[in-house]
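Analysis of the macromolecular model
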Amino acid sequence: MAQTPTYRIETLGCKSNLYDSRRLAEALEALGYRQAARGESADVCVVNTCTVTQAADRKSRRQASGLAREHPGARVFVTGCYASASPDELEAVEGVEAVFGRSEWGELLAAVRGAPAPAEAVPAGDFGIAGFGGRARAFLKVQEGCSVGCSYCILPRVRGRPRSRPLQEAVQEAERLVERGFAEIVLTGINLGSYGRDLPGAAGPADLVAALAEVPGLERLRLSSLQPAQVGPPLLEAMDHRVVCPHLHLPLQSGDAGVLRRMRRPYSPGQFMDAVAMARERLER
């Protein structure tokens, strides 16, 4: 009897990439593959790349070439943000069979299968997973893309325009994850604080947090990075719930107002300090 073919996915970068890799893993499993055990040779290797820095690009290339050496005979494919931005650089890596951008997973799965992938195996849109492997907590992506346009950032080009997941759909996925034993969920997105701006009805991050906090069986809800200007009384009030962890990650690229303007960051040092003070007052009670 033929053995079940195996896959391995290596993920670089952000929590959203981890979520995306889980979607890809489920698609490979729908094609009849299983995840290779630790130390087991894989038939198919996929690198889900990051491109936020030159260091991330180098690491992505090293990861691809390393997998080709570690799994002789394996078919090595590359996808993700770096693959979308600079496919030629990855195609030149020894051992890589093919490179697919983030919007080309149908083609990736067809290449793996050697024939057109069935529709049910191709992840549709930006969202939707059934579980999160062997992890103790699950990531829930509710937002994709960014239009801020910071001077140094490539993400609007590789991730596209902002897209938000309908609130009820996010709640339903959270319910499924909790039913599968994930007591902790981490909310993630490329620009999480912009959630809902593209949706009818004006549901925002505060509405999303409030709705998810009521999911039966959920014990902990965490938020990934937010912009300082996205922190305000409605969100902090929604976070005043027993299951929402009193923790915020607010990125600060510089404390100099001129540098922030040249970086086209959507806040000033004063706005950052105001957001921190507001959060401390509400969350450290």
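Residues numbered from 1 in each chain as written. Predicted model: local features only at pLDDT ≥ 70, side-chain atom pairs only at ≥ 80, totals over all residues. Heavy atoms only, no water.

Describing the confidence of the model for the chain
Across the chain, the average pLDDT comes to 94, with 99% of residues at or above 70. In the model of the chain, helix H11 (residues 269–283) stands out as the element of lowest mean pLDDT, 92, in contrast to strand E3 (residues 44–49), which has the highest, 98. (pLDDT = per-residue confidence, 0-100. Helix = DSSP H or I, 4+ residues; strand = E, 2+ residues; numbered from the N terminus.)

Side note on the sheet that holds strand E2 (residues 34–35)
A sheet is described by the order of its strands in space; here five strands give the open sequence E2-E1-E3-E4-E5, paired in parallel fashion. The sheet is open, and its two borders are formed by E2 and strand E5 (96–99), each paired with just one other strand. Here five bridges tie strand E1 (residues 6–11) to E3, and the two strands are oriented parallel to one another. Residue isoleucine 9 lies in a different strand from E3, and its bridge partner there is valine 46. Across the face of the sheet, helix H1 (residues 15–30) comes into contact with E1, E3 and strand E4 (75–80) while running at roughly 170 degrees to E1. Its contacts with the sheet put helix H2 (residues 54–70) on E1, E3, E4 and E5, and the angle it makes with E3 is roughly 170 degrees. (Pairing = 2+ DSSP bridges. Contact = heavy atoms within 4.5 Å. Axes fitted to C-alpha atoms, helices over the stretch in contact; angles between N-to-C directions.)

Remarks on the side chain of arginine 159
For arginine 159, the position within the fold is in helix H6 (residues 155–159). A distance of 2.9 Å separates a polar atom in the side chain of arginine 159 from a polar atom in the side chain of glutamate 144. Those residues within four positions of arginine 159 in sequence are excluded, and the remaining contacts are Cys14, Ser16, Asn17, Asp20, Cys81, Arg102, Lys141, Glu144, Gly145 and Ile190. (Polar contact = N/O pair within 3.5 Å; in protein donor to acceptor, adjacent residues only side chain to side chain.)

Points about the pairing of E4
E4 sits mainly inside the fold: five of its six residues count as buried. Bridge analysis of E3 against E4 gives six bridges, and the strand direction is parallel. Along E4, the bridge assignment pairs valine 44 with arginine 75. The β-α-β motif built from E3, the intervening H2 and the parallel element E4 has right-handed crossover chirality. As paired elements, E4 and E5 share three bridges and run parallel to each other. Note on E5: the bridge partner recorded for phenylalanine 77 is alanine 98. (Buried < 20%, exposed > 50% of the residue type's maximum accessible area, 1.4 Å probe, protein only. Right-handed = clockwise from strand over helix to strand, strands pointing away.)

Topic: the nonpolar core
Ranked by internal contacts, the top residues of the largest apolar core, which has 45 residues, are Leu187, Leu212 and Leu248. For this core, the elements supplying multiple residues, two or more each, are strand E6 (138–144), helix H7 (167–179), strand E8 (184–189), helix H8 (205–212), strand E9 (220–223), helix H9 (233–239) and H11. Counting residues per element, this core draws most heavily on H7, at five residues. With near-sequence residues (within four places) excluded, leucine 187 lies in contact with Leu140, Val142, Leu192, Leu208, Val209, Leu212, Leu221, Arg222, Leu223 and Ser224. (Core = buried A, V, L, I, M, F, W, Y, C linked by side-chain atoms within 4.5 Å.)

Considering the packing of aromatic side chains
Overall, the coordinates contain three aromatic pairs when judged by the stated rule. Measuring from centroid to centroid gives 6.1 Å for phenylalanine 77 and phenylalanine 100, while their planes differ by 45 degrees, and the two rings are tilted. Within this pair, whereas phenylalanine 77 is found in strand E4, its partner phenylalanine 100 is found in the loop between E5 and helix H5 (105–113), the two being separated by 23 residues in sequence. Both residues of the pair, phenylalanine 77 and phenylalanine 100, count as buried. (Phe/Tyr/Trp six-rings, centres within 6.5 Å; stacked < 30°, edge-to-face > 60°.)

Things to note about the sheet that holds strand E7 (residues 163–164)
If you walk across this open sheet you meet the four strands as E7-E6-E8-E9, and the pairing is mixed. Only two strands of the sheet have a single neighbouring strand rather than two, namely E7 and E9. Examined bridge by bridge, E8 and E9 share four bridges and lie parallel to one another. Bridge pairing in E9 places leucine 187 opposite leucine 223. Contacts from H1 reach E6 and E8 within the one sheet, and its direction differs from that of E6 by about 105 degrees.

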